There are 4 protein chains.
Amino acid sequence: MVGFTKKEHQFLSELGLAPRNPGSFVNGIWKGSGPVVSSLNPANNQVIAEVVEASLEDYEEGMQACAGATRIWMQIPAPKRGEIVRQIGDALRGKLHELGRLVSLEMGKILPEGIGEVQEIIDMCDYAVGLSRQLNGSIIPSERPNHMMMEVWNPLGIVGVITAFNFPCAVLGWNACIALVCGNSVVWKGAPTTPLVTIAMTKIIASVLEKNNLPGAIFTAFCGGAEVGQALAADTRVPLVSFTGSTKVGLAVQQKVNERFGKSLLELSGNNAIIVMDDADIQLAVRSVLFAAVGTAGQRCTTCRRLLLHESIYQTVLDQLIEVYKQVRIGDPLEKGTLLGPLHTSASKENFVKGIQAIKSQGGKIVTGGSAVLESEGNFVQPTIVEISPSAPVVKEELFGPVLYVMKFQTLKEAIEINNSVPQGLSSSIFTRRPEIIFKWIGPVGSDCGIVNVNIFLQMVLK
Amino acid sequence: MVGFTKKEHQFLSELGLAPRNPGSFVNGIWKGSGPVVSSLNPANNQVIAEVVEASLEDYEEGMQACAGATRIWMQIPAPKRGEIVRQIGDALRGKLHELGRLVSLEMGKILPEGIGEVQEIIDMCDYAVGLSRQLNGSIIPSERPNHMMMEVWNPLGIVGVITAFNFPCAVLGWNACIALVCGNSVVWKGAPTTPLVTIAMTKIIASVLEKNNLPGAIFTAFCGGAEVGQALAADTRVPLVSFTGSTKVGLAVQQKVNERFGKSLLELSGNNAIIVMDDADIQLAVRSVLFAAVGTAGQRCTTCRRLLLHESIYQTVLDQLIEVYKQVRIGDPLEKGTLLGPLHTSASKENFVKGIQAIKSQGGKIVTGGSAVLESEGNFVQPTIVEISPSAPVVKEELFGPVLYVMKFQTLKEAIEINNSVPQGLSSSIFTRRPEIIFKWIGPVGSDCGIVNVNIFLQMVLK
Amino acid sequence: MVGFTKKEHQFLSELGLAPRNPGSFVNGIWKGSGPVVSSLNPANNQVIAEVVEASLEDYEEGMQACAGATRIWMQIPAPKRGEIVRQIGDALRGKLHELGRLVSLEMGKILPEGIGEVQEIIDMCDYAVGLSRQLNGSIIPSERPNHMMMEVWNPLGIVGVITAFNFPCAVLGWNACIALVCGNSVVWKGAPTTPLVTIAMTKIIASVLEKNNLPGAIFTAFCGGAEVGQALAADTRVPLVSFTGSTKVGLAVQQKVNERFGKSLLELSGNNAIIVMDDADIQLAVRSVLFAAVGTAGQRCTTCRRLLLHESIYQTVLDQLIEVYKQVRIGDPLEKGTLLGPLHTSASKENFVKGIQAIKSQGGKIVTGGSAVLESEGNFVQPTIVEISPSAPVVKEELFGPVLYVMKFQTLKEAIEINNSVPQGLSSSIFTRRPEIIFKWIGPVGSDCGIVNVNIFLQMVLK
Amino acid sequence: MVGFTKKEHQFLSELGLAPRNPGSFVNGIWKGSGPVVSSLNPANNQVIAEVVEASLEDYEEGMQACAGATRIWMQIPAPKRGEIVRQIGDALRGKLHELGRLVSLEMGKILPEGIGEVQEIIDMCDYAVGLSRQLNGSIIPSERPNHMMMEVWNPLGIVGVITAFNFPCAVLGWNACIALVCGNSVVWKGAPTTPLVTIAMTKIIASVLEKNNLPGAIFTAFCGGAEVGQALAADTRVPLVSFTGSTKVGLAVQQKVNERFGKSLLELSGNNAIIVMDDADIQLAVRSVLFAAVGTAGQRCTTCRRLLLHESIYQTVLDQLIEVYKQVRIGDPLEKGTLLGPLHTSASKENFVKGIQAIKSQGGKIVTGGSAVLESEGNFVQPTIVEISPSAPVVKEELFGPVLYVMKFQTLKEAIEINNSVPQGLSSSIFTRRPEIIFKWIGPVGSDCGIVNVNIFLQMVLK
C-alpha cells in the first residue's frame, strides 16, 4: 500500500484512508466499480485522494445484504443495540481529532467546527444509548371489558440516509444513531464531494460491528451521486429515506419516495432572520449575528441570511457589524485563528459572484465585502453585508455563502411579517429584553419557523 | 319552506334539512352556486333531497373567511376551545338518533352502525375536551448555562378534511375534534354522494359556534366533488390536508399537497386478513369473521377480505361460516333485524358483479353467494365466500363489497407471509391461545399492518 | 317532610337538604347514628340546618360496603368509568348556582367564589373524562430476547379523602374525579363545619350512580370529626388517604397512614410571599396583592401573607394598597358587591384578635385594619396590613385571616432568602419585567415553593 | 504503606484499599474518627481489612461541605452532569472485575453475581446519561389568555442513600446515577458489614470528580451504623432519604424523615411467591425456582420464598426440585462452579437455624436441606425445601436465607389469594401458557405485588 505523499495528509492513514479508496461498503466489504473521482481541498483545489464510487451493481449487492442483515438486527434486544451504539461513540472519541481534521480539510470549515461536528455525533450516541432502554410502547385502556390495546414500536427495516457536503458526517450521526437503536439498518449515501469523510466514518462504525461479530451489512455505505440517490428514493425495500440538501432535489426525492407510500424526512433550505429590537443587548446581538452569518462560510442551513434592525438602533448595529466584519480572518481552515474558510467548491465561488451581481441589479447596496478573493487558488470569498429592501427577489432565495441582508423595521408586527415572508422558514431569532415580546414571538402569531430563538442564535448547533 | 312529502323523510326537518339545500357553509352562511345534485337512497335509488354543490367561487369565499377566523380561533386559550368542542358533543347527543338515521338512510349501512358512527364522534369530543388541557409542550435541559429549550405547540392554521361515503361523518369527527382543540380551523369536503350528512353535521357544529358568538368560518364546509378536493390539495393556505378514500385518489392528493411542502394525512385502502390457528376458539373466530366481512356490506377499509385457515381446522371453520352466512338477513338498513344493507351506489353493485367474474376467471370457487340481488331496485348483493389461491391477482386488490377470500396454510410463518403479501396492509388479526404466537405476531417479524389484533376483529371501530 | 322556614334557605330543598339531615352515605343509603350538630351561617352565627354525624358503626358499615363495591368498579373499563364522571359533571352543571350558593352560605366566602369552586369541579370532571382513555401503561424494551416488560396501572382500591372547611367541595372534586376514573372507590369525610355541602355534593354524585345502576357504595361519605378521620388514617383497607387541612393534623394523619405503609397525599399550610421588584407594573401588582391577601377572607392555603417590596417602590406600593384596602366592602357574602365576607367561625375571629395582639407585641405596626367588626353577630374582621420585620416569629406562622405582612428588601438575593425563610413554602410570586430575573426565580437557586408565579397571583385557582 | 499479606487480598490495592482504611469521604478527603471495625470474609470469618468508621463530627463536617458543593452542582447544565456520570460508568468498566471480586469476597455472593452487580451500575450510568438530556419539564396550556403554565424540574438538593449488605453497591448506583444527573449531591451510608465496597466504590466516583475539577463533596460517603443513619433521617438538609433494608428499620427511617416532611424512598422486605399452573412448562419453572430461591443464598429482597403448585403437578415439580437441589454446589463464592455461597454473617447462620426450628414447630416438613454446614468456619447453610400450610405464621415472615415453602392449590383464585396473603408483597410470578390467566394475573384482581412476572423470575435483576 502506497501512503500519502504530502505530509499534511499523512494523518489520513490513521483513519484507514489511502491515496485511492474503494467507495462502497457492501456486505461488510469495501469495493467499488463505478467512476473514479477526486476529493479536492477547497482551500487550494488540489487533490487529497481518489475514490472509486459505487455503481448500480454495487448498490444492488449492498441492498440485498442489508435486507438480510436487517432481520437479524431487528430481533436483537434494543438495549443490546444501544451497547453497539455506545461502542461507536467510544470509537469516535478515539478518532475525534483525526476525523474532525478530515472534515475541515475536505469540506473547508474551520477546525473547531470540524471537531465540533464529530463531537455532536458522539453526543448523539450517548443520547441514543439512553433511548435504547426507553423505546416505550403504550398500553391503552379499552372501553371493552377483557380487552386491552397496546401501541408497540417495531423497527421499520432499512433507513436510507442521503447527506449533504456542509455537514458531511453529523447529519449521518443524527439519523443513524436513532435508526440503529430502534432496530433499523442504515444505508448511507454521503455527498459526492466529501467521499473521504463518508469512508472514514463508515470504517469506524464497521470496526465496531466487526468486533461484536455482527453483519457489516447493518451499516451499508455508498460514495456516489444522483444515480444512487435516485435508486434509494425509488427502492421499496427502504421504508424511510432521510434527505438533507437543496429544496429542489429534496422535493424530487420526496415525491419519488411518497409515490410508493414510503416515508421521507427532509432537511432542506433555510432563509433565517435575526430581529434586533430597540431594547436589545446590542453587543450580544452583534456577536451573535457575526457567527450566525459568517460561520461555516454561510453554508449552514441555519446561517443567518437576513438581519432585521429596529430603526432606532439600525445605524448603531450596522456600524458595529461593519467593524467586526473587517476583523474576520480569512484563510486555511486548519490554521489557528482563521474564522472564515473557503466555500466548498469553485462552483460555489462562481455562484457567489453571480449572486452579488443579482443583488446589485435589484438595488442592493454592498456595505462591506462583495468580492471573491481572486489572489487565491482556493474558493475564498469576502464576508459581505448588503442593505436591501425585504421585497427584492434575491432576499427570498438562499444564496449559500456569507452574505447578510440588512433591513429596517418600525414595529414588532412588521418585523414578524418580514420574518415570515420567505418560503423557507427554518430558524429565526429575536433579541429583546421584554417578556411580552418574547411570548408573542414564540406564540401562534409569532415566528412561523420551527426554530424560534430568543437572545441567541444557533451558532454551535450544526446544520 | 316546503317540507318533505314522504313520511319516512320527515325527520330530516329536525336536522335542518329541506327538499333542496344549499351545500356550502361559507363565512357562517349557507349558500351554493355550483351544480344541483340528488342524494339517493341506496335501498331503492329514489331521491331523498337535492343539494346545490359548491362552486370554485364559493370555495374561494369560504377560504378567505376561514383564514381570517383562524387568527381569532388560534388565540383563544386551548381549554376554552375545548369547551366549544364539549358543547358540540352535547349538541350531537341531542341529535344522536336523527343523525344516525340519516347516515343509515343516505349511506345504506344498518341503523345500529349509523347511530354507532355518530356516537363515535361524541366520544371523540369527550376525549378532545380532556386533551384541551394537555396539549403540553416540553422544557428541555440545555447543555449551555443560562439557556433553556422549549418545545411549544402552536396551531397549524387551517386543516382541510376530505372524507369518504362509507363513514360520512365519523371521519370528520376524528379530524375536526383534534384540529379544533389544537387551535386550527376546519375546512370540510364531504363525499359527493352523502351531502345531506355533510350539511346536517355542519349545522350542528355551526349552531354551537353561533351560540358562543364565534365566527362561523372556523368551521367551513363544502358539498362537492373532485374540483373542490383538488383546490384544497393545492391551496397553500391549508398546511394540513386529511384525506380518506381510495388509494388512487389519495396518492394524487398526497403528491399535490407535498409538492407545496404541505402535510398530508391519508386513510386509504385495506386488504385485511384474519388468521385462524389450529388452537383457536372456533366459535369466537366464526362470529368475528362474519361481522368483519359482512358488516357495512364490506365497505369498511378495515373489512376482513382474506381468511387464512390452518389446514387442520379449515373445513370445520368453512362449514360453520357457510351456515351463518345463509342466515344473514338482507334488506332495508333502517329495518330492525337487517344485518346486510345495500351497497352504496348502483356503480358499486356493478363493480361487485364484475369482481365476481374476475374471481371466477382466476380460479376462484364461489362457496356461497356470488350474485347481485336482481329483484330489488336497491343496490343489494349477496354475502359471498370464495375459495381461492393467495397468489390470484384479485386477492391483492380491494373489492369494496361483502366478498371473503378463504385460504389454507400449514405454518405460522406461511400465514404471516400471506398476511404480509398484499400492498395495502391496514388491519390484521390472529385467533390463537398460545402466548408465544401472540408475541411473535405483534413483534418485528410478525404482521406488517398498523392494526394487529389478537382474538378480536375491529367490528365496532369504524372506518 | 318539613321544609325550611327562612325564605333564604328554601333553595336548599332543591339540593335535597332538609332542616335535619342524616350525615352518612353508607352502601347507597343515608343514615346517621352519631351526634347531632348544627351548621351555622358565618355571617350571623344562626343555624342553617342540623346534621346527624356518622358514628364508628356507620363508618364500619360504610367501609364494608365500599370494599365490596370497589371490586365491581375496578373491573369496569376506564372509559366507561369516565362516562360516569362525565354525567357527574353534567349533574353539577345543573345545580351550579344552588350548590355555589350553599358553599357561600355555609362557608362564608363571597358568591362568585362559591360558584367558582363548583365550576372547578365541573372542569375537573371534563378533564378526568379525557384521562379515562389515557391511563396508559408502558411497554418497555427488555435487554433479554423474547422478553417484554410492561408497566400497567391497576386501581389502588379505596381512596380516602379528608377535606377542609375553606374549600368544602372543590378539594373533594380534585381527588374524587381522578380517583374514580382510575377505578378507585372514594370515601369522603368533609369538614365538621360544612356538613351541608358534604351532603348536597354527595347527593348529586349518588344520583348519577343510581341512574346507572351502580352500587352507591362506590362513593361513601361521612359527616363527622376527628374520630372518623382517625379511623380512616388507620384503616388498612384504604391504601391512599388524601388530607387537606392544618399542618398539625396533617402530620398526625401522615404518620398514622405511613405506619401501615399506606400512601398519603397532603395539602397543608402556606405562607406565601409576593415579591415586587423595582421595575414591576405597580398597578398590576397592587390589584393582585389585594385579591391574593383579602380573597376568601385570607383563608386560602395560597393566600398571600407576606409582601416583599423593593425599597425603591416600597412607599408607593404601600400607599396605593392602603388606598384600595379602604374601599374593600365587608358584608354578607351572598350580597352583590361584597368583597370580604366573614371568617368561617367565631373561633377564627377570636384567633384573629389574638394574632393581632401577638403582632403588636413583636413590633408589628398596624397600617390599616387590625380589628374585628364588633357591631356584627357574624365573624367579620377588617382587612389588615402590617409593617413588620421578616424575623418576627409571627411572620413564620400562618394566621388564617386577611392579614398581610409588608417588608422591605434591597436585592433579589435578599428577597429570595426572605421568601424561602418560612417552613411552609407553598406558593410564591414575583412581579418584574426582566427575563433574567424571571429565569433565576424559577430556577434551582430561586423560589423553594411548589408554585412559582410571575406577574400573577393565584387569585382564581382555588385552595 | 503496608500492603495486604494474604495473596488473595492483594487485588484490593488496585481498588485503593489498604489493611486499614479511613471510612469517611468528607469534603473530598478521606478521614475517620469513629470506631475501628473489621470487615470479615463470610466464607471463613477471617478479617479482610479494617475500617475506621465515621463519627458524628465527621458526619457534620461532611454535610456542611456537601451543602456548599450542592449549590455548585445544581447550577451545572444537566447534560454536563450526564457527562460526569458517563465518566463514572467508564471508570467502573475499568475496575469491573476487581470491584466485582470485592463484592463477592466481602458480601459472600458468587463471583458472577458480584460482577453482575457492578455491571448493573454501569448500565445505570449509560441510562442516566441519556436521561440527562431528557429531564423535560412541561408547558401546559392555560385557560387564561396571555398566560402559560410550566412544570420545571429543579434539583432537590442533597439525596441521602442508606444501603444494605446484600447489594452493597448496586443500590447506591440506582440512586446515585439518577440523583446526580438531576443535579443533586449524594450522601451515602453503606452497610456496616461491607465497608470495603463502600470505600472502593466511593474512590472510583471521587477520582472522576477530581479529574473534572469538581468538589469531592458532591459525593460524600460514610462507613458506619445506626448513629449515622439516624442523623441522616433527621437532617433537614436532606430532602430525600432513600433506604434499603429491613422493614423494621425502614419504618423507623420513614417516620423520622416524614416527621420533618422529608421524602423517603424505601426498598424493604419481600415475601415472593411463584405460582405454577397445571399447563406450565415444568422444566422452565423448576429451573427458574431454583435460581429464584437459592441465588444470593436467598438473601435478595426478590428471593422466591413461597412456591404455589397446582395439585395436578404438585408432586412432579416437587420431585424435580429436590433432584436439582441435591446438585447445588456449596462453597467459596469466588470459586468457579459454586452455586451457593455462605450467608453474610454468623448471625445470619444462627438465624437460619432458629428459623428451621420455628418451621418444624409450626408443622413444616423439611423435604431437603434444613441444616447449617457445621464442618465449615464460614456461614454456610443447606438449600432447603419445606412443605407447609399457607397459614403457618412463619410463612408470612421473611427468613433471609435459602428456604423455600411449598404449598398446594386447586384454583387460580385460591393461588392468587395465597399470593396476596402476606404483608410484604414485592415480587410474584406465574408459570402458565393461557393468555386469559396471564391477563387476569396482571389485572386489577390479580397479584397485589409491584413486580408481576409471567413465565420468568427475576433471577438476574438484582435486589
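As the structure is a computational prediction, the values presented were derived from the model and not from experiment. (Residues numbered from 1 in each chain as written. Chains lettered and ligands numbered in written order. Predicted model: local features only at pLDDT ≥ 70, side-chain atom pairs only at ≥ 80, totals over all residues. Heavy atoms only, no water.)

(A) Representation of the overall build of chain A. Along its length, chain A carries 13 helices and 19 strands. In summary, chain A has a C-alpha radius of gyration of 23 Å against a globular reference of 23 Å for 463 residues, a match within 12%. Going through the 463 residues of chain A one by one, you find that 59% of them count as buried. Restricting to contacts in chain A with at least 6 residues of sequence separation, those with at least 24 account for 71%. Roughly 17300 Å² of accessible area belongs to chain A as shown, and the carbon and sulfur atoms make up 54% of that amount. (Helix = DSSP H or I, 4+ residues; strand = E, 2+ residues; numbered from the N terminus. Rg over C-alpha atoms; globule rule 2.2 N^0.38 Å. Buried < 20%, exposed > 50% of the residue type's maximum accessible area, 1.4 Å probe, protein only. Contact = heavy atoms within 4.5 Å. Areas by Shrake-Rupley, 256 points an atom, 1.4 Å probe, with all protein chains shown as cover.)

(B) A look at the UniProt feature "domain: Aldehyde dehydrogenase" (unreviewed entry) in chain A. Mapped onto the present numbering, the UniProt feature "domain: Aldehyde dehydrogenase" (unreviewed entry) falls on residues 37-456 of chain A. The span residues 37-456 of chain A shows a helical share of 42% and a strand share of 19%, and its end C-alpha atoms are spaced 41 Å apart. (UniProt positions renumbered as here; feature names shortened; annotations may be inferred.)

(C) Molecular detail of the interface of chain D and chain B. Every contact between the two is made by 24 residues of chain D and, on the other side, 24 residues of chain B. Of the roughly 1800 Å² buried where chain D meets chain B, counting both sides, 64% is carbon and sulfur surface. Of all residues in chain D, Ile 139, Pro 141 and Glu 143 of chain D give up the largest surface area on contact with chain B, accounting jointly for 33% of the area buried on that side. Here Glu 143 of chain D ties to Arg 133 of chain B by a salt bridge, and the two come within 2.9 Å at their closest N and O atoms. Remark: the boundary between chain D and chain B carries four residue pairs in polar contact (both at pLDDT 80 or more). Going through the elements one at a time, helix H2 (78-94), strand S6 (137-141), strand S7 (148-151) and helix H13 (435-441) of chain D are the ones with two or more residues in the side of chain D that touches chain B. (Buried area = accessible area lost by both parts, 1.4 Å probe. Salt bridge = Lys/Arg side-chain N within 4 Å of Asp/Glu carboxyl O. Polar contact = N/O pair within 3.5 Å; in protein donor to acceptor, adjacent residues only side chain to side chain.)

(D) Looking closely at the relation of the copies chain C and chain A. Structural alignment of chain C on chain A gives an RMSD of 0.0 Å, achieved by rotating through 180 degrees and translating 0.0 Å along the axis. Overall, the copies show the geometry of a two-fold rotation axis. If distances are taken from each C-alpha of chain C to the rotation axis, the shortest is found for Ser 138 of chain C, at 2.2 Å. Of all interface residues in chain C, 100% are interface residues in chain A too; the two copies therefore contact each other through one and the same surface. (Least-squares fit on C-alpha atoms with pLDDT ≥ 70 in both.)

(E) Summary view of a nonpolar patch on the surface. Together, Met 150 and Val 152 of chain A together with Met 150 and Val 152 of chain C give the surface a local cluster of nonpolar side chains, amounting to about 250 Å² of exposed area. Topologically, Met 150 of chain C is positioned in strand S7 (residues 148-151). (Patch = residues over 30% accessible without salt bridge, like charges linked within 9 Å, V, L, I, M, F, W, Y side chains within 5 Å.)

(F) The interface of chain C and chain A, seen in detail. Across the boundary between the two partners, chain C contributes 24 residues, which contact 24 residues of chain A. With both chains or domains summed, chain C and chain A bury close to 1800 Å², and 64% of this area falls on carbon and sulfur atoms. Summed over the shared surface of chain C and chain A, the result is two salt bridges. On the surface where chain C and chain A come into contact, there are four residue pairs in polar contact (both at pLDDT 80 or more).

(G) Representation of the sheet that holds strand S4 (residues 36-41) of chain C within the structure. Residue and element names in this part refer to chain C. Pairing is mixed in the open sheet, where three strands are placed in the order S1-S5-S4. Only two strands of the sheet have a single partner each, and these edge strands are strand S1 (20-22) and S4. Neighbour-to-neighbour, the strand axes of the sheet open up by a mean angle of 30 degrees, direction not taken into account. (Pairing = 2+ DSSP bridges. Axes fitted to C-alpha atoms, helices over the stretch in contact; angles between N-to-C directions.)

(H) Looking closely at the nonpolar core. All names here are of chain C. With 59 residues, the main nonpolar core has Leu 92 and Leu 102 as its most contacted residues. Sorting elements by how many residues they give to this core places helix H6 (residues 195-211) first, with 10 residues. With residues up to four places along the chain from it excluded, the contact list for Leu 92 reads Leu 99, Val 118, Ile 121, Ile 122, Cys 125, Met 201 and Ile 204. (Core = buried A, V, L, I, M, F, W, Y, C linked by side-chain atoms within 4.5 Å.)

(I) Representation of unusual backbone geometry within the structure. Phi is positive for Asn 45 of chain B, close to 60 degrees, though the residue is something other than glycine. With respect to the element layout, Asn 45 of chain B can be found in the loop between strand S4 (36-41) and strand S5 (46-52). Not every positive phi belongs to a glycine, and Asn 213 of chain D is a case in point at roughly 55 degrees. Considering the arrangement of structural elements, one finds Asn 213 of chain D in the loop between helix H6 (195-211) and strand S10 (219-222). A relative accessible area of 72% places Asn 213 of chain D in the exposed class.

(J) Up close: the sheet that holds strand S1 (residues 20-22) of chain B. Residues and elements named next belong to chain B. Judged by pairing direction, the sheet is mixed, and its three strands sit side by side in the order S1-S5-S4 without closing on themselves. Each edge of the sheet is formed by a strand with only one pairing partner; in this case those strands are S1 and S4. When the angles between neighbouring strand axes are averaged without regard to direction, this sheet yields 30 degrees. Here S4 runs beside S5; their pairing, made up of six bridges, is antiparallel. Looking at S5, one finds that Ser 38 is bridged to Glu 50.

(K) Structural context of the confidence of the model for chain A. All names here are of chain A. Across chain A, pLDDT averages 96, with 98% of residues at or above 70. This stretch, residues 459-463, has a pLDDT under 50; its non-local contacts, to residues over four places away or in other chains, come to 19 contacts. With a pTM of 0.96, the predicted complex shows an ipTM of 0.95. (pLDDT = per-residue confidence, 0-100.)

(L) The arrangement of helix H10 (residues 314-326) of chain C in detail. All names here are of chain C. Taking 1.5 Å as the rise per residue, H10 with 13 residues should run 18 Å; its terminal C-alpha atoms sit 19 Å apart, in good agreement. Burial in H10 covers these residues: Tyr 314, Val 317, Leu 318, Leu 321, Ile 322 and Tyr 325. Here the buried residues of H10 occupy an arc of 135 degrees about the axis, which is enough to place them on one side. In this structure, the buried side of H10 is in contact with helix H9 (282-294), strand S14 (304-310), strand S15 (365-368), strand S16 (384-387) and strand S17 (403-409). (Expected span 1.5 Å × (residues − 1). Arc of directions from axis to C-beta.)

(M) Looking closely at the UniProt feature "active site" (unreviewed entry) in chain A. Residue and element names in this part refer to chain A. Taking the UniProt record as the reference, the feature "active site" (unreviewed entry) is found at Glu 267. Within the secondary structure, Glu 267 is located in strand S12 (residues 263-267). A relative accessible area of 28% places Glu 267 in the partly exposed class.

(N) Fine view of the pattern of salt bridges. Per the counting criterion, the structure on display carries 70 salt bridges over all chains. With its nearest N and O atoms 3.0 Å apart, the salt bridge here joins Asp 90 of chain B to Arg 93 of chain B. A residue pair is termed a helical-turn pair when its members lie 3 or 4 positions apart in one helix, as Asp 90 of chain B and Arg 93 of chain B do in helix H2 (residues 78-94) at three residues. Here Arg 93 of chain B falls in the partly exposed class, since its relative accessible area comes to 25%. Each of Glu 83, Arg 86, Asp 90, Arg 93 and Asp 126 of chain A together with Glu 83, Arg 86, Asp 90, Arg 93 and Asp 126 of chain D takes part in one network of salt bridges that share partners.

(O) Quick look at the side chain of Glu 98 of chain C. Residues and elements named next belong to chain C. Tracing the backbone shows Glu 98 in helix H3 (residues 96-107). The side chain of Glu 98 sits in the buried core without any salt bridge; Lys 95 is the nearest counter-charge, 5.8 Å away. Discounting residues that sit within four places of it in the chain, Glu 98 has contacts with Phe 11, Glu 14 and Leu 15. (Lys, Arg positive; Asp, Glu negative; His and termini not counted.)

(P) Seen up close, helix H3 (residues 96-107) of chain A. Residues and elements named next belong to chain A. Between its terminal C-alpha atoms H3 stretches 16 Å, which fits the 16 Å expected from 12 residues at 1.5 Å a residue. Looking at the buried side of H3, the elements it contacts are strand S4 (36-41), strand S5 (46-52), helix H2 (78-94), helix H4 (111-131) and helix H6 (195-211). Gly 108 sits one or two residues past H3 and shows a positive phi near 105 degrees.

(Q) Region of the structure containing the pairing of S7 of chain D. Residue and element names in this part refer to chain D. Relative to S7, S6 is paired through four bridges, and the arrangement is antiparallel. For Ile 140, the partnering residue across the bridge sits in S7 and is Met 149. Adjacent in sequence and paired antiparallel, S6 and S7 are bridged by six residues, among which Asn 146 carries a positive phi angle near 55 degrees.

(R) Focus on the environment of Ser 55 of chain C. All names here are of chain C. With respect to the element layout, Ser 55 can be found in the loop between strand S5 (46-52) and helix H1 (56-73). Judged by relative accessible area, which is 9%, Ser 55 ranks as buried. If we ignore the near neighbours within four places in the chain, the residues touching Ser 55 are Ser 33 and Gly 34. Side-chain polar atoms of Ser 55 contact the side chain of Ser 33, separated by 2.7 Å.

(S) Spatial organisation of the pairing of S12 of chain A. Residue and element names in this part refer to chain A. By the bridge criterion, five bridges tie strand S11 (residues 240-244) to S12 in an arrangement that is parallel. Counterpart to Thr 244 in the pairing with S12 is Glu 267. After leaving S11, the chain enters helix H8 (residues 247-259) and then returns to the sheet as S12, a path that is right-handed. (Right-handed = clockwise from strand over helix to strand, strands pointing away.)

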